[in-house]
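Structural characterization, general
One letter stands for each residue in the lines below.
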Amino acid sequence: DTGVSQDPRHKITKRGQNVTFRCDPISEHNRLYWYRQTLGQGPEFLTYFQNEAQLEKSRLLSDRFSAERPKGSFSTLEIQRTEQGDSAMYLCASSLAGGYNEQFFGPGTRLTVL
Amino acid sequence: LAKTTQPISMDSYEGQEVNITCSHNNIATNDYITWYQQFPSQGPRFIIQGYKTKVTNEVASLFIPADRKSSTLSLPRVSLSDTAVYYCLVDKNRDDKIIFGKGTRLHILP
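Residues numbered from 1 in each chain as written. Chains lettered and ligands numbered in written order. Predicted model: local features only at pLDDT ≥ 70, side-chain atom pairs only at ≥ 80, totals over all residues. Heavy atoms only, no water.

Some remarks on the interface of chain A and chain B
- Contacts between chain A and chain B engage 23 residues on the former and 20 residues on the latter.
- Interface area lost by chain A to chain B is led by Pro-43, Tyr-100 and Phe-105 of chain A, which between them contribute 32%.
- Ionic pairing is found between Lys-97 of chain B and Glu-56 of chain A, a salt bridge with its closest N-O pair at 2.7 Å.
- Along the contact surface separating chain A from chain B lie six residue pairs in polar contact (both at pLDDT 80 or more).
- Top element by residues in the side of chain A that touches chain B is strand β4 (residues 31-37) of chain A. It accounts for four residues.
- Each residue belonging to the side of chain A that touches chain B can be placed in one class, and the counts come to eleven nonpolar, eight polar and four charged. (Contact = heavy atoms within 4.5 Å. Buried area = accessible area lost by both parts, 1.4 Å probe. Salt bridge = Lys/Arg side-chain N within 4 Å of Asp/Glu carboxyl O. Polar contact = N/O pair within 3.5 Å; in protein donor to acceptor, adjacent residues only side chain to side chain. Helix = DSSP H or I, 4+ residues; strand = E, 2+ residues; numbered from the N terminus. Nonpolar A, V, L, I, M, F, W, Y, C, P; charged D, E, K, R; others polar.)

This is the structure we're talking about:
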């Protein structure tokens, strides 16, 4: 257990539905990251926050994806109008800002879009 | 970002020392070399980071030759629980996104 939790761990949804995932980082960590991982591939960066500010978004993050970190603590990742291609493991990580600090990853949320 | 090349997969046996080599010919002067480990159905976990020569911690050793164009992650006396994917990363020593490759799938046999 790294101290980063994600909820739910598994989500099955039908194409076209909206889904929301939650990530609770290690409490003193001000950086929070979202990644997506498909089978056989390494994780791909989606976006990251420092406190409540979203500092960078990948081109992978289409208009159907939105992430928030309203109070600089937990974060949510919402996918609207899900597509089968969104099926993946969604990973959250947190770290301290300033110099190199290792990222601590949560267990992930596995999304299956039918 | 410096591109890395590492074997797609490796097999070894319990009790053996495993060495995974990563090539990074275009590494820049201010790049660091970092390794992450990922077990099935879990997120990646930081193992070790180095800039030159040798770094050792309780989990692994990292060997970096003088030209820094490659690095070797060494796992002493592996066990079945070391079966995982190992990612070699080369990047500046900064605190933003990680760019992962496909990693090396290490399979430890009894």
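After that view of the structure, there is still more to cover.
Digging into the sheet that holds strand β8 (residues 75-79) of chain A
All names here are of chain A.
- Reading across the sheet, the four strands line up as β1-β3-β8-β7 and stay open at both edges, with antiparallel pairing between neighbours. Edge strands, defined here as strands with exactly one partner in the open sheet, are β1 (5-7) and β7 (65-68). Ignoring which end each strand starts from, the neighbouring axes of this sheet average 15° apart.
- Examined bridge by bridge, β1 and strand β3 (residues 19-24) share three bridges and lie antiparallel to one another. In the strand pairing of β3, Gln-6 is matched with Cys-23. (Pairing = 2+ DSSP bridges. Axes fitted to C-alpha atoms, helices over the stretch in contact; angles between N-to-C directions.)

Some thoughts on the pairing of strand β5 (residues 53-56) of chain B
Residues and elements named next belong to chain B.
- Alignment of β5 against strand β6 (residues 61-64), held across four bridges, turns out to be antiparallel. Bridge pairing in β6 places Val-55 opposite Leu-62.
- Hairpin connection, β5 to β6: the antiparallel pair is bridged by four residues.

A few points about the state of the cysteines
- Scanning all chains against the criterion turns up two disulfides over all chains.
- In this model, Cys-23 of chain A is linked to Cys-92 of chain A through a disulfide, with the two sulfur atoms separated by 1.8 Å. Taking the torsion about the S-S bond as the criterion, the Cys-23 of chain A to Cys-92 of chain A disulfide, at about -65°, is left-handed. Taken as a pair, Cys-23 of chain A in strand β3 and Cys-92 of chain A in strand β9 (residues 88-95) lie far apart in primary sequence, 69 residues in all. When sorted by exposure, Cys-23 of chain A lands in the same class as Cys-92 of chain A, which is buried.
- Across a sulfur-sulfur distance of 2.1 Å, Cys-22 of chain B and Cys-88 of chain B are joined as a disulfide pair. Sign of the S-S torsion, about -85° for the bond between Cys-22 of chain B and Cys-88 of chain B, identifies this disulfide as left-handed. Of this pair, Cys-22 of chain B sits in strand β2 (residues 18-23) while Cys-88 of chain B sits in strand β8 (residues 84-92); the two residues are 66 residues apart in sequence, bridging distant segments of the chain.
- Cys-88 of chain B sits in the buried class, given a relative accessible area of 2%. (Disulfide = S-S within 2.5 Å. Buried < 20%, exposed > 50% of the residue type's maximum accessible area, 1.4 Å probe, protein only.)

Looking at the nonpolar core
- Core analysis: the biggest nonpolar cluster contains 20 residues, and Val-18, Ile-33, Trp-35, Ile-47, Leu-73, Leu-75 and Tyr-86 of chain B have the highest contact counts within it.
- Mapped by element, the contributors of at least two residues to this core are β2, β3 (31-38), β4 (45-50), β6, β7 (70-75), β8 and β9 (104-109) of chain B.
- The dominant element in this core, judged by the number of residues it contributes, is β8 of chain B, at four residues.
- Leaving out residues up to four positions away in the same chain, Leu-75 of chain B has contacts with Gln-16, Glu-17, Val-18, Val-59, Ala-60, Tyr-86 and Leu-106 of chain B.
- If you look at the next biggest cluster of nonpolar residues, it comprises 19 residues, including Val-4, Phe-21, Leu-77 and Cys-92 of chain A. (Core = buried A, V, L, I, M, F, W, Y, C linked by side-chain atoms within 4.5 Å.)

Here we look at the pattern of salt bridges
- This model, assessed by the stated rule, comprises four salt bridges over all chains.
- Within the structure, one salt-bridge network assembled from shared partners comprises Arg-64, Glu-83 and Asp-86 of chain A.

With respect to the packing of aromatic side chains
- A complete count under the given rule lists 13 aromatic pairs over all chains for this structure.
- For the pair Phe-105 of chain A and Phe-100 of chain B, a centre-to-centre distance of 6.1 Å together with 70° between the ring planes defines the contact as edge-to-face. Within this pair, whereas Phe-105 of chain A is found in strand β10 (residues 104-105), its partner Phe-100 of chain B is found in the loop between β8 and β9, the two belonging to separate chains. The burial state of Phe-105 of chain A is the same as that of Phe-100 of chain B; both residues are buried. (Phe/Tyr/Trp six-rings, centres within 6.5 Å; stacked < 30°, edge-to-face > 60°.)

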